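Reading the structure
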Amino acid sequence: MGQLTTSDGVRLVYRDSGGEGFPLVMLHGWGQTQEMFRHQTAGQAPARRVITVDFRGHGHSDKPHHGYRIARFAADVLELVDHLGLDRFDALGWSMGSSVWWSFIDQYGTGRIRRFVSVDQPAAVAAVPWMSTEEQEQSGAIIDVAGLVALGAQLAGPDGERVRYDFVRGMFSGDPDPELLSFVGEQIKSTPAHAGVPLLFDHAAQDWRDVLPRIDVPTLVIGCDGSHVHPRSQRFVAERIPDARLHVFPAGVANSHFPFLENPAAFNAVVGTFLAHADA
């Protein structure tokens, strides 16, 4: 484990596998931790150097009362790659982690990114009234504005822990493995309401459709038939990014929003094959 103090005084905890392989920086989703990638830290080595981090307000990182915006998270990632001296790296984001990369690209460009992997993140989370029904479906919007406000109030309320668990449970189809569900449910407890609620609101309010066509590096978009994020939204993301590839795991392979945990061998093979084309 390593530590970095950001320019606004927040201690971030990261893990760097080291080694001579090309760097792969992996970003987790809302309310989760870098432990989501426990099977990738080992599974992708020694072919590459894997770097993960707990965002502010998550995991073992500090939980200040400021900075819970996607743009600030992207700045934190910039400070992390600068801290590690990474001039070039591959980037992978899962769920909100993809949004952080999209914000990174929007602000800082793709000059340091060799290849990009986006895992199961809609182009827009909230179904805002000025989007047509067709646009909401294409973008993968999963909640309307009233529902988002209500969810935030529930997360900040006295039953917040139960609401967090129910929120996570809804990301699995069918009957998930009890140990896996317990693990994910435990990780989300590390994010307090003062961090998670404003971050979720900011994250869900973003619309990345205008950024996608400006991603000019080889990109792989991964979806999952069993996820609460509909695969058609991942097809839309892949179609908007020039020359992007799409891979959708069938429900028999992975049946949730967490394919890297549910079937790490299959996930690692897909990602490893994509990144290997750049290694050759």
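Here's a quick rundown of the structure. The structure presented is a predicted model; accordingly, all values stated were derived computationally and were not measured.

Our next topic: the overall build of the protein chain. A count of helical and extended segments in the protein chain gives 11 helices and 10 strands. Taking 280 residues into account, the globule formula puts the C-alpha radius of gyration at 19 Å, and the protein chain, at 17 Å, falls close to it. Seen along its three principal axes, the alpha-carbon backbone of the protein chain occupies a region of about 50 × 40 × 40 Å. The 280 residues of the protein chain split such that 56% are buried. Split by element, the accessible area of the protein chain, about 11100 Å² in all, is 51% carbon and sulfur. Considering the protein chain, the positive charge centre built from 23 side chains and the negative charge centre built from 33 side chains are found 3 Å apart.

A few words now on the pairing of strand E3 (residues 22–27). Among the 6 residues of E3, 5 are classified as buried, and the element is accordingly described as predominantly covered. Here E3 pairs with strand E5 (residues 89–94) via 4 bridges, running parallel. The residue of E5 that forms the bridge with leucine 27 is glycine 93.

This part takes up helix H2 (residues 70–83). With 14 residues, H2 extends 20 Å between its outermost C-alpha atoms, agreeing within 8% with the 20 Å of an ideal straight helix rising 1.5 Å per residue. Within H2, 10 of the 14 residues are buried, which leaves it mostly tucked inside the rest of the structure. Every buried residue of H2 is accounted for by Ile70, Arg72, Phe73, Ala74, Ala75, Asp76, Val77, Leu78, Leu80 and Val81. Looking one or two residues beyond H2, the residue adopting positive phi is glycine 85, at roughly 70°.

Right, let's talk about the sheet that holds E5 for a bit. Judged by pairing direction, the sheet is mixed, and its 8 strands sit side by side in the order E1-E2-E4-E3-E5-E6-E9-E10 without closing on themselves. Looking at the sheet topology across the chains shown, the edges are occupied by strand E1 (2–5) and strand E10 (245–249). Neighbour-to-neighbour, the strand axes of the sheet open up by a mean angle of 20°, direction not taken into account. Bridge count between E1 and strand E2 (residues 11–16): 4 bridges; the pairing is antiparallel. Looking at E2, one finds that leucine 4 is bridged to leucine 12.

To describe two helices that pack against each other, one gives the angle between their axes and the distance between the axes. For the pair helix H5 (residues 145–156) and helix H6 (residues 160–169), interaxial distance at closest approach is 6 Å and the crossing angle is 130°. Our classification of the angle between H5 and H6 gives oblique. For the pair H5 and H6, contact is made by Leu151, Gln154 and Leu155 and by Gly160, Val163, Arg164 and Phe167, respectively. The residue inventory of the contact of H5 with H6, partitioned by class, reads 4 nonpolar, 2 polar and 1 charged.

Within strand E9 (residues 219–224), 6 of the 6 residues are buried, leaving the element largely enclosed by the surrounding structure. Residues Thr219, Val221 and Gly223 line one face of E9 and the alternating positions Leu220, Ile222 and Cys224 line the opposite face, and both faces are buried. Pairing of E9 with E10 involves 5 bridges; the strand directions are parallel. By the bridge assignment, valine 221 is partnered in E10 with leucine 246.

This brings us to the pattern of salt bridges. Pairs can form between side chains of opposite charge once their charged atoms are near each other. One pass over the structure, following the stated rule, counts 16 salt bridges. A salt bridge links aspartate 8 to arginine 72; its shortest N-O distance comes to 3.9 Å. Of this pair, aspartate 8 sits in the loop between E1 and E2 while arginine 72 sits in helix H2; the two residues are 64 residues apart in sequence, bridging distant segments of the chain. Notably, a salt bridge pairs glutamate 161 with lysine 189, separated by 3.7 Å at the nearest N-O pair. Of this pair, glutamate 161 sits in helix H6 while lysine 189 sits in the loop between helix H7 (178–187) and helix H8 (193–205); the two residues are 28 residues apart in sequence, bridging distant segments of the chain. Taking relative accessible area as the criterion, lysine 189 reaches 40% and is therefore assigned partly exposed. A network of salt bridges, in which partner residues are shared, links Asp8, Arg56, Arg72, Asp76 and Glu79.

A few words on helix H3 (residues 96–108). Its 13 residues give H3 an end-to-end C-alpha distance of 18 Å, which sits within 8% of 18 Å, the value for a rise of 1.5 Å per residue. Burial analysis of H3 places 10 of its 13 residues in the buried class, the great majority of the element. For H3, the complete set of buried residues consists of Met96, Gly97, Ser98, Ser99, Val100, Trp101, Trp102, Ser103, Phe104 and Ile105. As for H3, its buried residues are in contact with E3, H2, E5, strand E6 (113–119), H8 and helix H9 (231–240).

Cut-off values and rules
Residues numbered from 1 in each chain as written. Predicted model: local features only at pLDDT ≥ 70, side-chain atom pairs only at ≥ 80, totals over all residues. Heavy atoms only, no water. Helix = DSSP H or I, 4+ residues; strand = E, 2+ residues; numbered from the N terminus. Rg over C-alpha atoms; globule rule 2.2 N^0.38 Å. Buried < 20%, exposed > 50% of the residue type's maximum accessible area, 1.4 Å probe, protein only. Areas by Shrake-Rupley, 256 points an atom, 1.4 Å probe, with all protein chains shown as cover. Lys, Arg positive; Asp, Glu negative; His and termini not counted. Charge placed at Lys NZ, Arg CZ, Asp CG, Glu CD. Pairing = 2+ DSSP bridges. Expected span 1.5 Å × (residues − 1). Axes fitted to C-alpha atoms, helices over the stretch in contact; angles between N-to-C directions. Parallel < 35°, antiparallel > 145°, perpendicular 65-115°, else oblique. Contact = heavy atoms within 4.5 Å. Nonpolar A, V, L, I, M, F, W, Y, C, P; charged D, E, K, R; others polar. Salt bridge = Lys/Arg side-chain N within 4 Å of Asp/Glu carboxyl O.

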